[in-house]
Amino acid sequence: MSFLHINNVHKRFGETHVLKGIDIAIEQGDFLVLVGPSGCGKSTLLNMIAGLDSISEGELLLDGRCINDVHPSRRDIAMVFQSYALYPSMTVAGNIGFGLEMRKVPRKQRREAIDRVAKLLQIENLLDRKPGQLSGGQRQRVAMGRALVRDPQLFLFDEPLSNLDAKLRVDMRTEIKQLHQRLGTTIVYVTHDQIEAMTLASRIAVMRGGELQQLGTPQAVYDDPNNLFVAGFMGSPSMNLVKARIVEQDGLPVAQVATEASTLTLPIVRDRDALRDWRDRDVILGLRPEAITDPASANHREGNIHEAELPVALVEPTGADLYVVTTLGGTHVNARMRPGTPLRPGERTRFAFDVSRMVVFDPESERRIRDERVAEATPIGETA
Amino acid sequence: MSAASFTARRGLATRAVLYAILVLFAVVYLMPLYVMLTTSFKTLEEIHQGNMLALPGEWTLDPWREAWGSACIGLECNGVHGYFFNSIKIVVPAVLISGLLGAFNGYVLTKWKFRGHKIVFGLMLFSCFIPFQIILLPMARVLGILHLANSTGGLVLVHIVYGIGFTTLFFRNFYASFPDELVRAAQLDGAGFFTIFFRILLPASVPIIVVTIIWQFTNVWNDFLFGVSFASGDSAPITVALNNLVNSSTGVKAYNVNMAAAMVAAVPTLIVYILAGKYFLRGLMSGSVKG
Ligand SMILES: Nc1ncnc2c1ncn2[C@@H]1O[C@H](COP(=O)(O)OP(=O)(O)OP(=O)(O)O)[C@@H](O)[C@H]1O
Ligand SMILES: [Mg+2]
């Protein structure tokens, strides 16, 4: 029995069908991150878990108990809102202690709990201030403190870091991660930020238009996407998606990609069985930028490197890496090379393709073409 | 002459004209107050000598004493003080209750939206546009049925009912920009309907509370029509008493006493404005500018 089970949950606002049957199950101590484009229903789902929005259809189980009709205050869930939602007329201590006060915790105990949390979040010196006198990062801590002080079964975070500047966001991200490791409480966390999702999550749920696209570990979602949407959504810079054709060579399927002058043939090592059926049909190849490198930085150990000489269209140094753009199948393709590689647009250079990381999609249904056995690794939220 | 000093001069000239106009308007507006105040400190003889704008030659407090304690209103000669306290007895509960109800309405209409909340608010808004005169007769009937005719209690009720439309409008617009997430957070914290209102929203409503108090206080205090229609005799408010004082003085008109009584009637609203005035504009603006 999983700890939080979202069982075929629907949400309708009048005529608009916002959530169309979400199935997610996570274990105690999991850090579930919900990602997806704006308006896909992440906040709605979070609010439904918190009990702030009603459930139109389906079932919500927390620790084996159906909480569909349990009042928000009785769910033992604490939430950190995107806007922090600090009570403006109360001091920081009042804000943090309000939930305890409502639960009739005696003053002395309350004081101790507030002090403990303030110490944890390093806001002891702010306890007598009003929220209006705090900086963004300090408010964010107070908002977390208000949730932490209650020691709930489940934390909900709705884009808690989105109002912070880049530097502070990175710091707070680390703090949240440490906090989760220390407390081990189950967390459901909404974010728009790729890196936040990848670094924090033990499981990622990718949503689009009220439907779950994929649920899995960050690595699985990144390396083994269910469909074109997930492939394109996760990762920055995003996965290269290239038109190709599957043909048979020596009894094995290979992918043929048009380059500017000729045709590039890439051997297929993943999902080979499924792709046998795709002989002489068009597909879309997915290759992460880090799976296309210069030959020297390629990972030759597994022997799945395929090299080809291609023209350079553009060079984009980022400091840590050098992104080299070439044209494949009519679109620009990003390759990640060692910085300092002396390259200029118009030159030709050797690209090394790590074909073991290549994924293939059906251009019609946009689903991943994959062998059967992979599918069972992520049974919930499977769209294929 | 350099261009800079030219524009500086022109700026100075514009400013001078501007101030001249402002001073003129201020004088025009303050003139009646000046005349009232000076007259109320003059003896009747001095008034009869004719120079309205002159300062009192001999300052006297007698008109004020008379107005407060012994001027004849109708048949009784006890001054306006009883009516002054009538007005206080009307205005305090009327302002507090209509304000509180308006705040509640605003809270429910924005944070606990129910089916048809827009219609309810529309109707409330509509009540702001109903002229006083239209409701006189029906209200008289209602007060009669409730046995509240000719009492300060009845007048309190009338002002509450008439004021709710305005107070609701004020609070609704104020709470519309109050973040819903605060209410949701409080719900998760375990606060109920009333706790959320009294602990979260109300303490954050000072500007709009001030606006409401000023608005309701001046309207209720200065009301004459409801007062004269629904409360007569001993339970009349000061505005009605003032009217009766001025009209019932037989023989020589005691202008100084009348002016003193008028000042007595005007002082509470002045005080409210001076104490709360600086919040007034801030509050009126707070709906449009997020703050
Ligand atoms: N009260 C409501 N009535 C009608 N539609 C609503 C309501 N609340 C949300 N929606 C719709 O539901 C959809 C999902 O909204 P939601 O706030 O959950 O999106 P989100 O994924 O959190 O987006 P974002 O990333 O921008 O925060 C949106 O299309 C929104 O317009
Ligand atoms: Mg959202």
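- For chain B, an unreviewed UniProt entry supplies the name Sugar ABC transporter permease and the organism Salinicola acroporae.
- Taken directly from UniProt, the Sequence similarities (unreviewed entry) text for chain B runs: "Belongs to the binding-protein-dependent transport system permease family."

- The name recorded for chain A in an unreviewed UniProt entry is Sugar ABC transporter ATP-binding protein, from Salinicola acroporae.

## So, the overall build of chain A
Part 1: Secondary structure summary: chain A contains 10 helices and 21 strands in total.
Part 2: Summarising its shape, the C-alpha atoms of chain A cover approximately 75 × 45 × 40 Å along the three principal directions.
Part 3: Taking all 384 residues of chain A together, 53% fall into the buried category.
Part 4: Within chain A, counting contacts between residues at least 6 apart in sequence, those at least 24 apart form 67% of the total.
Part 5: For chain A, the centre of its 47 positive side-chain charges and the centre of its 50 negative side-chain charges are spaced 7 Å apart.

## A word on the sheet that holds strand β19 (residues 331–337) of chain A
Residues and elements named next belong to chain A.
Part 1: Within the open sheet, the three strands sit side by side as β17-β18-β19. Their pairing is antiparallel. Edge strands, defined here as strands with exactly one partner in the open sheet, are β17 (314–317) and β19. When strand polarity is set aside, the average angle formed by the axes of neighbouring strands in this sheet is 30°.
Part 2: Two strands pair when backbone bridges link them, and strand β18 (residues 322–328) and β19 are joined in this way by seven bridges, in the antiparallel orientation. Considered in β19, the bridge of Leu328 is made with Thr331.

## Regarding the pairing of strand β1 (residues 4–13) of chain A
Residues and elements named next belong to chain A.
Part 1: Here β1 pairs with strand β2 (residues 16–26) via eight bridges, running antiparallel. Each residue of the ladder has a partner; that of Phe13, found in β2, is Thr16.
Part 2: Pairing between β1 and strand β4 (residues 57–62): five bridges, direction antiparallel. In the strand pairing of β4, His10 is matched with Glu57.

## Considerations on the site of ligand 1
All names here are of chain A.
Part 1: In the region of ligand 1, the neighbouring residues are Phe13, Val18, Ser38, Gly39, Cys40, Gly41, Lys42, Ser43, Thr44, Glu159 and His192.
Part 2: Within the contact set of ligand 1, an oxygen atom lies 2.9 Å away from a backbone nitrogen or oxygen of Gly41.
Part 3: Contact between ligand 1 and His192: an oxygen atom at 3.1 Å from a side-chain N or O atom of the residue.
Part 4: Across the shell around ligand 1, the residue classes tally to three nonpolar, six polar and two charged.

Thresholds, definitions, all that
- Sequence order as written defines residue numbering, which begins from 1 separately in each chain.
- Chain labels run from A onward and ligand labels from 1 onward, assigned in the order the entries are written.
- Where totals are concerned, whole chains, interfaces and linings use all residues; where local detail is concerned, this predicted model gives features only for residues with pLDDT of at least 70, and gives and counts side-chain atom pairs only at 80 or more.
- Side-chain numbers come from the whole structure's heavy atoms, not from hydrogens or water.
- UniProt positions are given in the numbering used here, feature names are shortened, and annotations may be inferred rather than shown by experiment.
- Note on conventions: DSSP H or I runs of at least 4 residues are helices, E runs of at least 2 residues are strands, and numbering of each starts at the N terminus.
- Between buried and exposed lies partly exposed: a residue is buried under 20% and exposed over 50% of the maximum accessible area for its type, with that area taken using a 1.4 Å probe on protein chains only.
- Contacts are assigned to residue pairs that have any heavy atoms within 4.5 Å of one another.
- Residues counted as positive are Lys and Arg, residues counted as negative are Asp and Glu, and His and the chain ends are not counted.
- Here the site of a charge means atom NZ of a Lys, CZ of an Arg, CG of an Asp or CD of a Glu.
- A pair of strands is treated as paired once DSSP finds two or more bridges between them.
- In this description, a line fitted to the C-alpha atoms serves as the axis of each element, helices being fitted only across the stretch in contact, and the angle between N-to-C directions of two axes falls anywhere from 0 to 180 degrees.
- A single heavy atom is enough: if one lies within 4 Å of a molecule or strand, its residue is considered near that molecule or strand.
- In protein, a polar contact means a hydrogen-donor-capable atom and an acceptor-capable atom, both N or O and within 3.5 Å, with residues adjacent in sequence counting only if both atoms are side-chain atoms; elsewhere, any N or O pair within 3.5 Å suffices.
- Side-chain classes are defined by residue name, with Ala, Val, Leu, Ile, Met, Phe, Trp, Tyr, Cys and Pro counting as nonpolar, Asp, Glu, Lys and Arg as charged, and the others, Gly among them, as polar.

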